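Structural features, examined
Okay, here's what each chain looks like letter by letter:
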Amino acid sequence: MKRTEFTKIGKIAIALFIMASFQQTSAQETQQNFWQNVRYGGGLGLSFGNGFFSGTLAPSAIYQFDERFAAGIGLNGTYNSLRDTYNSTIFGGSIIGLYNVITQIQFSAEFEQLHVTRKYELDGANLSENYFYPGLYAGVGYTNGNVTVGLKYDVLFDERRSIYADPFFPFIRVFF
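This text gives an overview of the structure that appears in the document. Given the structure is predicted, the values throughout are model-derived calculations rather than measurements.

Concerning the overall build of the chain
Helix and strand counts for the chain come out as one helix and eight strands. Helices (α) and strands (β) of the chain occur, in sequence order from the N terminus, as α-β-β-β-β-β-β-β-β. Counting only residues that meet the buried cut, the chain has 26% of its 176 residues in that class. Intrachain contacts of the chain at a sequence separation of at least 6 include 42% that bridge at least 24 residues. Working note: accessible area of the chain is about 12,200 Å², and carbon and sulfur atoms make up 63% of it.

So, in structure tokens, the structure goes:
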């Protein structure tokens, strides 16, 4: 092999090494930037009294695309019971989009799919229901720092099957 051919191969190898290093650094920076824009939050609910218990755990994560727009996913797990009468187990997930018109005003759109299992014990009869329930929510809220307080409306509300008593309900959303 001639010296000039060896020099060309060496230059090509050095160029490939530099390009590979740059790509690796660029991929690491992209991955670091991605995780810097992910925010975590969710909801926690607990209610009890006179034979009634309800507990909810609903973690979520969003990606903050820019100062105004974020989108993400959430999980929901809820258990309700009324002594000797009723209990339900609810599991599901959701996709959410958030848009801040101005810093303090946030619009939200959320699609939630829940699997609902309800069991009733009425007058000695045992009844049960097992079904999927979709929810499509449009909301507006006031944001202060990491906290948004607002009102949501379930566009697909079904009085018989919804886990909520009303299509309108307040929410508190926290993301860190």
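What about the sheet that holds strand β1 (residues 38–49)?
One closed barrel accounts for eight strands, arranged β1-β2-β3-β4-β5-β6-β7-β8; its pairing is antiparallel. Pairwise comparison of adjacent strand axes, ignoring direction, gives a mean angle of 25° for this sheet. Where strand β6 (residues 125–144) and strand β7 (residues 147–154) come together, eight bridges link them in antiparallel fashion. Bridge pairing in β7 links Gly141 to Gly150.

Observations regarding a nonpolar patch on the surface
Taken together, the side chains of Phe65, Phe69, Tyr99, Val101, Ile102, Ile105, Phe107, Val140 and Tyr142 present a nonpolar region at the surface, about 790 Å² in accessible area. Where the nonpolar patch is concerned, the elements lending two or more residues are β4 (86–102), β5 (105–122) and β6. In terms of residue count, β4 provides more of the nonpolar patch than any other element does, three residues in total.

Looking at the pattern of salt bridges
Scanning the model with the defined rule gives two salt bridges in all. Residue Lys152 is joined to Glu110 by a salt bridge in which the shortest nitrogen-to-oxygen separation is 3.1 Å. Within this pair, whereas Lys152 is found in strand β7, its partner Glu110 is found in strand β5, the two being separated by 42 residues in sequence. Overall, the relative accessible area of 11% leaves Lys152 in the buried class. Residue Glu129 is joined to Arg118 by a salt bridge in which the shortest nitrogen-to-oxygen separation is 3.9 Å.

Comments concerning the pairing of β7
In β7, alternate side chains face the same way, and those of Thr148, Gly150, Lys152 and Asp154 are buried while those of Val147, Val149, Leu151 and Tyr153 on the opposite face are not. Of the strand pairs in this sheet, β7 and strand β8 (residues 168–175) are connected by seven bridges, and their pairing is antiparallel. Residue pairing in the sheet places Val149 in a bridge with Ile172 of β8.

Details of the packing of aromatic side chains
This model, assessed by the stated rule, comprises 10 aromatic pairs. Measuring from centroid to centroid gives 5.3 Å for Phe65 and Phe69, while their planes differ by 25°, and the two rings are stacked. Ring centres 6.5 Å apart and planes at 80° place the aromatic pair Tyr137 and Tyr164 in the edge-to-face group. In this pair, Tyr137 sits in strand β6 while Tyr164 sits in the loop between β7 and β8, placing the two residues 27 residues apart along the sequence. Look at Tyr137 and you get buried, because its relative accessible area is 3%. Taking the relative accessible area as the measure of exposure, Tyr164 reaches 26% and is therefore partly exposed. Each residue in the set Phe34, Trp35, Tyr63, Phe65 and Phe69 is aromatic and connected to the rest through ring pairs, giving one cluster. Lying across the ring of Tyr137, Lys152 places its NZ or CZ 5.0 Å from the centre. Sitting over the face of the ring of Tyr131, Arg161 holds its NZ or CZ atom 4.0 Å from the ring centroid.

A few points about unusual backbone geometry
With phi around 45°, Asn50 is a residue other than glycine that occupies positive phi space. Here Asn50 shows up in the loop between β1 and β2 (52–64). A relative accessible area of 80% places Asn50 in the exposed class.

What counts and what doesn't
The residue numbers shown here count from 1 along each chain, following its written sequence. Predicted model: local features are reported for residues with pLDDT of at least 70 only, side-chain atom pairs are reported and counted for 80 or more only, and whole-chain, interface and lining totals are derived from all residues. For side-chain calculations, the full set of non-hydrogen atoms in the structure is used, while hydrogens and water are omitted. Helical segments are the DSSP runs of H or I of at least four residues, strand segments are the runs of E of at least two, and each set is numbered from the N terminus. Throughout this description, buried means an accessible area under 20% of the type-specific maximum (1.4 Å probe, protein chains only), exposed means over 50%, and partly exposed covers the range between. Residue contacts are counted whenever heavy atoms from the two residues lie within 4.5 Å of one another. All accessible-area figures derive from a Shrake-Rupley calculation using a 1.4 Å probe, and residue coverage is judged against the displayed protein chains alone. Strand pairing is assigned whenever DSSP detects at least two bridges linking the two strands. Lines fitted to C-alpha atoms define the axes here, with helix axes fitted over just the stretch in contact, and angles between the N-to-C directions of these axes take values from 0 to 180 degrees. By definition, no residue in a patch forms a salt bridge, and every one has over 30% relative accessible area; like charges are joined within 9 Å, nonpolar side chains (Val, Leu, Ile, Met, Phe, Trp, Tyr) within 5 Å. One speaks of a salt bridge when a side-chain nitrogen belonging to Lys or Arg is within 4 Å of a carboxyl oxygen belonging to Asp or Glu. Only centres within 6.5 Å qualify two rings of Phe, Tyr or Trp (six-membered ring in Trp) as a pair; their planes then separate them into stacked at under 30 degrees, edge-to-face at over 60, and tilted for everything else. The rule is short: NZ of Lys or CZ of Arg within 6 Å of the ring centre and within 35 degrees of the ring normal puts a charge over the ring.

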